[in-house]
Amino acid sequence: MKSVTFRQIRVFTEVARQLSFSRAAEALHLTPPAVTMQVKELEGHVGLPLFERQGRQIQLTMAGEYFLVYAKRLLSTLKDAENVMNRFKRVETGVLTIGLISTAGYFLPQLLARFQAEHEGVEVRLDVTRDLTKLIDRLHSNEIDLAVMGRPPKEYALRSEPFAGHPMVFVCPPGHPLLGVGHPPLDALVHYPLVARELGSEVRHTLDNYLREHRLAPRIAMEIPSNETVKASVMAGLGIGFLSLHAVAAELRTGQLHLVDFEGTPIVRTWNLVHQASKVLSPAAEAFRYLLLEHGEDLIAEQSKQPNLLYQAPV
């Protein structure tokens, strides 16, 4: 295996991630035959097949699964070395990969546009997922440099820095009976169905804690793993929704949705910038970290055109 190249390893890990030679070729800006050739050469050096091919479908062999673990470690170590060398050179070029939970997609692209305008030599890529476990796995494998999420699980060796408040609110469609009450009593929740995000999401975790604290058990009519579908369901009159304020800011401005001002709302959590505790950040990653920690909250509040009070992170 002395003749294995990092190029072959990069191609292999991308094919393993995509489970498709054509999609890997597109992601790597190569032709499918070039990707196929790199994988065949790698398999020749290893002396074992790394993929099983059944028509157009491929999957990792057992040897491929084991090799993938070490391939990711090699690429992670190489990336750390590159970051350290760039810190010595104070270079702000290359690729910066930001992972994020999907709800952060309502504000993060605008912040990235601001960052790129100030750091033209940096190519920024987004890796969006609804699955917190996948996001943390990508942090550990060094596939992403930084991640934007709520509070990460405590059992992982991660550095987490809050940069903005994350308000969550109850919403209803225009003309809903609760809008005529002013500050409706909390027990009014039990008289209306709720449209909620799926179990495991941060928004759903916050909702469940709120209901538990106030000893309420309203009927959850729908569990939906999509902010857009939750909003559409609420606008259609299927129930009261509970969502991130970032996700409903546009609909609140246009009057398609209205806030339901229950006691203790908005419920404010925090947005956090997260990376491996042991990771040496590249100059580009440090620059993005500075932007978020110093200006993130103000930029988000300005962008959303909501009262700044709603965006203040809890002390």
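Residues numbered from 1 in each chain as written. Predicted model: local features only at pLDDT ≥ 70, side-chain atom pairs only at ≥ 80, totals over all residues. Heavy atoms only, no water.

1. Thoughts on the overall build of the protein chain
Next up, step 1: Secondary structure summary: the protein chain contains 10 helices and 11 strands in total.
Next up, step 2: Its C-alpha atoms give the protein chain principal-axis dimensions of roughly 75 × 45 × 35 Å.
Next up, step 3: Taking contacts inside the protein chain between residues at least 6 apart in sequence as the whole, the part at least 24 apart equals 75%.
Next up, step 4: Roughly 16300 Å² of accessible area belongs to the protein chain as shown, and the carbon and sulfur atoms make up 53% of that amount.
Next up, step 5: Between the averaged position of the 33 positive side-chain charges in the protein chain and that of its 34 negative side-chain charges there is a distance of 4 Å. (Helix = DSSP H or I, 4+ residues; strand = E, 2+ residues; numbered from the N terminus. Contact = heavy atoms within 4.5 Å. Areas by Shrake-Rupley, 256 points an atom, 1.4 Å probe, with all protein chains shown as cover. Lys, Arg positive; Asp, Glu negative; His and termini not counted. Charge placed at Lys NZ, Arg CZ, Asp CG, Glu CD.)

2. Considering unusual backbone geometry
Next up, step 1: Omega for the peptide link from Thr-265 to Pro-266 comes to 0°, which places this bond in the cis form.
Next up, step 2: With respect to the helices and strands, the residue Pro-266 is situated in the loop between β10 (258–260) and β11 (267–276).
Next up, step 3: Phi at His-29 is positive, roughly 60°, even though this residue is not glycine.
Next up, step 4: Take His-29: it is sitting in the loop between α2 (21–28) and α3 (32–46).
Next up, step 5: Residue classification places His-29 among the exposed positions, given a relative accessible area of 68%.
Next up, step 6: Phi angles above zero are rare outside glycine, and Asn-142 is one such case at about 65°.
Next up, step 7: Following the sequence through the fold, Asn-142 ends up in the loop between α6 (132–140) and β5 (146–149).
Next up, step 8: Taking the relative accessible area as the measure of exposure, Asn-142 reaches 5% and is therefore buried. (Buried < 20%, exposed > 50% of the residue type's maximum accessible area, 1.4 Å probe, protein only.)

3. Quick notes on the pairing of β11
Along any regular strand the residues' side chains alternate between the sheet's two faces.
Next up, step 1: Within β11, 8 of the 10 residues are buried, which leaves it mostly tucked inside the rest of the structure.
Next up, step 2: Relative to β11, β5 runs antiparallel, the two being bridged by 3 bridges. What sits directly across from Ala-147, in β11, is Val-274. (Pairing = 2+ DSSP bridges.)

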